Amino acid sequence: MDLEEWAEELAYSLGNGSGSPGLLTLASCVHAPGQASVIATARATVTAAGWPLYECTASELSGRSFRLQESGYLILHGVDNPTPVEVPVLIGAFQHLVSRGLPVGLLVAGTPAGIRGLRAHPAMGFLSRAEAVEA
């Protein structure tokens, strides 16, 4: 899916609340400017929808705990391979919030190797339902 199509899907999903398909997205970004465009698009779309917005990098998670909010949209960027062990833990916690029907969304943006590695992680099977964006 290209960036414009994804932005439309994200806006639609934010308007429909929990469980909408566009609320979980993996962005595979070959270059830093592509990742910056995806993140800027997410920020603008989420802000326009009136959702709380949170953001962190994969390196900020390393060695730390991060408490997910029970509502809002999280942008996790800078995912590369090898991925800090805290990244799958955070994404697993996000899955539990979704299963509780809470209004949450997640964008994970990183290098192609980082996104492939995350998808291949044994505990990340639910990511097969994620929207995929390439930038």
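Refer to the structure presented above.
Residues numbered from 1 in each chain as written. Predicted model: local features only at pLDDT ≥ 70, side-chain atom pairs only at ≥ 80, totals over all residues. Heavy atoms only, no water.

K.L.:
Lay out the layout of surface pockets in plain terms, naming residues and giving numbers.
P.N.:
Its volume calculated, the largest pocket comes out at about 200 Å³. Around the largest pocket sit Gly19, Ser20, Pro21, Leu23, Leu24, Phe94, Gln95, Val98, Ser99, Val104, Phe126 and Arg129, which together line it. Considering each element in turn, the lining of the largest pocket owes the most residues, four residues, to helix α4 (residues 86-99). By residue class, the composition of the lining of the largest pocket is seven nonpolar, four polar and one charged. (1 Å grid on protein atoms, 1.4 Å probe; cavity = no way out; pocket = protein on both sides within 12 Å on 5 of 7 lines; lining within 4 Å. Points joined across faces, edges and corners; volume = space filled by probe spheres on them. Helix = DSSP H or I, 4+ residues; strand = E, 2+ residues; numbered from the N terminus. Nonpolar A, V, L, I, M, F, W, Y, C, P; charged D, E, K, R; others polar.)

K.L.:
Tell me about the nonpolar core, and name the residues and values.
P.N.:
In terms of nonpolar packing, the biggest core is built from 24 residues, with Leu76, Ile91, Leu106, Val108 and Leu127 touching the most fellow members. Mapped onto this core, the elements with two or more residues apiece are β1 (24-28), α3 (58-61), β3 (72-79), α4, β4 (104-110) and α5 (112-120). For this core, the element with the most residues is α4, which contributes five residues. In contact with Leu76, not counting residues within four places along its chain, are Cys56, Thr57, Ala58, Leu61, Val87, Leu90, Leu106, Leu107, Val108 and Ala109. Counting residues in hydrophobic clusters, the runner-up holds 16 residues, among them Ala27, Val46, Trp51 and Val133. (Core = buried A, V, L, I, M, F, W, Y, C linked by side-chain atoms within 4.5 Å. Buried < 20%, exposed > 50% of the residue type's maximum accessible area, 1.4 Å probe, protein only. Contact = heavy atoms within 4.5 Å.)

K.L.:
Help me get a handle on empty space enclosed by the protein, residues and values and all.
P.N.:
By the definition in use, this model includes one cavity of 30 Å³ or more. In this model, the largest cavity occupies a volume close to 80 Å³. Lining the largest cavity we find 13 residues, and of these Tyr54, Leu68, Gln69, Gly72 and Leu74 sit closest to its centre. Listed by contribution, the elements that provide at least two residues to the lining of the largest cavity are β3, α4 and β4. Broken down by element, the residue count for the lining of the largest cavity peaks at three residues, all from β3.

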